[in-house]
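Here's the letter readout for the chains.
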Amino acid sequence: MTRVEQCVERVVPVRARLRILATTDLHMHILPYDYLADRPVEGWGLTNTADLIAQARAEEPNTILLDNGDFLHGTAMGDLVVEQYRAASGADAPVVHPMIAAMEHLGYDAATLGNHDFDRGVAVLFDAIEQAGFPIVSANTILRRAATPLQDATLVPPFALLNRRISDADGVMRDIRIGVIGFLPPGSLKLGHNSGTAPQTRDIIQTARCFVPYLKARGADIIVALAHSGLGDDVHRDGMENALRPLSRVAGIDAIVGGHSHQVFPDPDAPDLRPDGLCDRLNHVPTIVPGFWGSHLGVIDLDLTRDVRGWTVAAGHAALRKVAGAKAAGTASGTVRPFPNWVQHLHESTLNHMRTPIARCTTDLDNYFALVGGDCATRLVQEAMLAHARQLQADRLGSDLPVLASSAPFKSGGLAGPQYYSCVRAGRMTLRSLSDLYVFPNELMLVRATGAYLRHWLERSASLFNQVLPGERAVWLKDDGTPGYLLESVLGLTYRIDLRQPARFTPEGAPLGLSGGRIVDLRHQGRRVRDKDEFLLATSDFRACGGGGFPEAPEDRRVPMPPLPIRDVLKAHVQRVGLVRIPQDPIWRFCEVAGASVRFKSSPDARHATVRYPWLPIRNVQTHDAGGFAHYEMEL
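Residues numbered from 1 in each chain as written. Predicted model: local features only at pLDDT ≥ 70, side-chain atom pairs only at ≥ 80, totals over all residues. Heavy atoms only, no water.

J.: Tell me about the state of the cysteines, and please be specific about residues and values.
T.: For the coordinates displayed, the defined rule picks out 0 disulfides. The thiol of cysteine 361 is unpaired, and the distance to the nearest cysteine sulfur, on cysteine 376, comes to 9.0 Å. Cysteine 376 forms no disulfide, and the closest cysteine sulfur to it belongs to cysteine 423, at a distance of 8.4 Å. (Disulfide = S-S within 2.5 Å.)

Below you can see the structure in the form of structure tokens.
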């Protein structure tokens, strides 16, 4: 800056606007297609989000585009990429991972990593991200821990400094340096079968407090935090998984992009801001959590001023733009360039692969009523895990511990909509059926679990429910923002959940310090489970490593075994039995609460499934609400 320019800026500060666009939790949803249901969908897919990106860029010339992690895995297309992509998708396939190629196509400026980007291992992760032409950062994902975060050896660069030219209010081009720093949620990284050199995570807040001043010292005018983390509690706890609220109090952060929990913030349907103007920020920091699968585009507008000391944020506003509908597979609308042909080729290869038949089932397998104890879809997954664990124990472990299996209804409606439930129709089962029943590429882990550990496990699971007192009618069973996939149940045990008791954990998994508990009459083969009893628990590596706020299994309680995807366990099981039959007895029930009832949401199709769960006194009380969900009431 010349002396004349400095003198001018002392009198008239330069003004400009910077627009930050962001996506999160894309999970390989390039196209608006549900491979688990085998149908096109509305409301998600990066080809749809591309329209919103193009529109937002056209409105504001000073724009950067960021992604907040969990982009590589999560659909059948992503699985096919890992297993047989080059052979299946034709000669014009890109040399880079399809999601990386799609992000390059849209001009992303930077991204961070999410926990599910590690689902296929570090080698697969690097095969993909090393081809990216934009920086991918994470400050608290480390290979070697040092005295302070600044001295840690990180898996990828901790931050990026984006040197950009922006147009000020008078049309004059100005230099700006934008610091982008990434954070991975502690307690969610899959480490179960990795070697001792596997990455670890530091606490988000501890890392941010070290790096943000360092970024400022390196000349960052603006700092954007890409935190693959949910809103969480307001009070910071070391190692908390969802930490956006305490992160917003770290001085020097100008904007926050969140994710991981598949939430939306701020509310895209709110007509206006509150009078205090703070519903689009946390502790005065503009914040966005833009849904998942490309359902929303996050937009943060920062009004900037510059004087001789540099750029500062004068004001900020955050909003979400919601995808309105689906486009033809393989292309976006005319506002952006069509996606390359390889997208359509890969889509067709995925469909053919998913339609491969493997077995038959005697009845529909669904999880419409998982929240109230009726879930034959998850029951099949648990039976497959249980059978494999028993065989492994007989062949290799040489123990005779009682074997249990824990899993959850991963497709459980919520923000994904009223059709996002598992439902495999009676008759032919295909590879699509397996992905429908178990969405994630988690791996099987065996844990030597005590009765006390299992009770803690089940109390965490039951914490997603609201408290219900005698005489209360139509109490919402859970809050809309609490995901149903937290409801782990354990095959091999029977138990009841007493909703009269307060939860021992918050929905985010933080202990509330309350005595007592909701899990009562916990039994194995009719005998009460004691705290010191020992079991062999088959679960996922994600849960056993503390994912979702569940109790982490100590290293010396984890049974060493080769990596084995749970979906492969499920496939081998159904192929072995040939004809799948699911018992009709419940694993758990609610305790009776005199004169009380609960209300919950599920798919409108659930009303046809009540015959499969005769022990559940359910009635349909609303056919469709504004979100398309049906409402059901159950007597307690």
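J.: Break down the packing of aromatic side chains for me, with residues and values.
T.: For the coordinates displayed, the defined rule picks out 21 aromatic pairs. Seen in terms of ring centroids, phenylalanine 369 and tyrosine 632 are 5.5 Å apart; in terms of plane orientation they differ by 90°. Their pairing is edge-to-face. Remark: tyrosine 632 occurs in strand E35 (residues 630-635) and phenylalanine 369 occurs in the loop between strand E20 (365-366) and helix H9 (376-397); sequence separation between them is 263 residues. Taken as a pair, phenylalanine 369 and tyrosine 632 share a single burial class, namely buried. Relative to phenylalanine 590, the ring of phenylalanine 465 lies with its centre 5.3 Å away and its plane at 75°, an arrangement referred to as edge-to-face. One end of the pair, phenylalanine 465, is in the loop between helix H11 (451-462) and strand E25 (475-476); the other, phenylalanine 590, is in strand E32 (residues 588-590), with 125 residues separating them in the sequence. Classification of phenylalanine 590 as buried rests on a relative accessible area of 11%. These aromatic residues form a ring-pair network of at least three members: Phe369, Phe600, Tyr613, Trp615 and Tyr632. Cation over ring: lysine 601 sits above tryptophan 476, and NZ or CZ is 5.8 Å from the ring centre. (Phe/Tyr/Trp six-rings, centres within 6.5 Å; stacked < 30°, edge-to-face > 60°. Helix = DSSP H or I, 4+ residues; strand = E, 2+ residues; numbered from the N terminus. Buried < 20%, exposed > 50% of the residue type's maximum accessible area, 1.4 Å probe, protein only. Lys NZ or Arg CZ within 6 Å of the ring centre and 35° of its normal.)

J.: Describe in detail unusual backbone geometry, supporting the description with residues and values.
T.: Glycine aside, negative phi is the norm for most residues, and most peptide bonds take the trans geometry. Here the bond from phenylalanine 265 into proline 266 is cis, since omega is -5°, no more than 30 degrees from zero. Phi is positive for histidine 260, close to 75°, though the residue is something other than glycine. Overall, histidine 260 belongs to the buried group, its relative accessible area being 11%. Here the phi dihedral of tryptophan 293 falls at roughly 60°; this positive angle occurs in a residue that is not glycine. Topologically, tryptophan 293 is positioned in the loop between strand E16 (285-290) and strand E17 (296-307).

J.: Just give me the short version of empty space enclosed by the protein, but keep the residues and values in it.
T.: One pass over the full model with this rule turns up 5 cavities of 30 Å³ or more. Taken as a whole, the largest cavity encloses approximately 200 Å³ of empty space. Together, 23 residues line the largest cavity, and Gly373, Gly374, Asp375, Cys376 and Arg379 are the ones closest to its centre. Here the lining of the largest cavity takes 4 residues from H9, the largest share from any one element. (1 Å grid on protein atoms, 1.4 Å probe; cavity = no way out; pocket = protein on both sides within 12 Å on 5 of 7 lines; lining within 4 Å. Points joined across faces, edges and corners; volume = space filled by probe spheres on them.)

J.: Before we move on, can you summarise the sheet that holds E32 with the specific residues and values?
T.: Across the sheet, 4 strands lie side by side as E29-E28-E27-E32; this open sheet has mixed pairing. The strands lining the two open edges of the sheet, one partner per strand, are strand E29 (527-528) and E32. Bridging between strand E27 (residues 494-497) and E32 involves 3 bridges; their strand directions are parallel. Looking at E32, one finds that tyrosine 495 is bridged to tryptophan 588. Here H11 sits on the sheet and contacts E27 and strand E28 (519-524); the angle it forms with E28, its principal contact strand, is near 135°. (Pairing = 2+ DSSP bridges. Contact = heavy atoms within 4.5 Å. Axes fitted to C-alpha atoms, helices over the stretch in contact; angles between N-to-C directions.)

J.: Pulling in residues and values, what's your account of the pairing of E35?
T.: With respect to burial, E35 is a largely interior element, 5 of its 6 residues being buried. Relative to E35, strand E34 (residues 618-622) runs antiparallel, the two being bridged by 4 bridges. Along E35, the bridge assignment pairs glutamine 622 with histidine 631.

J.: Go over the sheet that holds strand E1 (residues 14-23), please, and point to the residues and values.
T.: Spatial strand order, E6-E5-E4-E1-E17-E18: 6 strands in an open sheet with mixed pairing. For this open sheet the edge positions go to strand E6 (136-137) and strand E18 (310-322), each flanked by a neighbour on one side alone. Strands in contact with helix H2 (residues 46-59) are E1, strand E4 (63-67), E17 and E18; relative to E1, the strand with the most contacts, it is inclined by about 180°.

J.: Lay out the pairing of strand E12 (residues 222-227) with the relevant residues and their values.
T.: For E12, a buried count of 6 out of 6 residues is recorded, marking the element as mostly surrounded by other parts of the structure. Pairing analysis gives 6 bridges linking strand E10 (residues 173-183) to E12, with the strands arranged parallel. Across the sheet, glycine 182 pairs through a bridge with leucine 226, a residue of E12. Of the pairings in the sheet, the one linking E12 to strand E13 (residues 255-257) comprises 3 bridges and is parallel in character. Bridged to valine 224 within E13 is alanine 255.

J.: How would you summarise helix H6 (residues 204-217) if you had to cite specific residues and measurements?
T.: Between its terminal C-alpha atoms H6 stretches 20 Å, which fits the 20 Å expected from 14 residues at 1.5 Å a residue. For H6, the complete set of buried residues consists of Ile204, Ile205, Thr207, Ala208, Phe211, Val212 and Leu215. In the core, the buried residues of H6 are packed alongside strand E9 (159-167), E10, E12 and helix H7 (244-247). For H6, the N-terminal cap is aspartate 203; the gap from its side-chain oxygen to the backbone nitrogen of isoleucine 205 is 3.2 Å. Where H6 terminates, the next one or two residues include glycine 219, which has phi positive at roughly 100°. (Expected span 1.5 Å × (residues − 1). Polar contact = N/O pair within 3.5 Å; in protein donor to acceptor, adjacent residues only side chain to side chain.)

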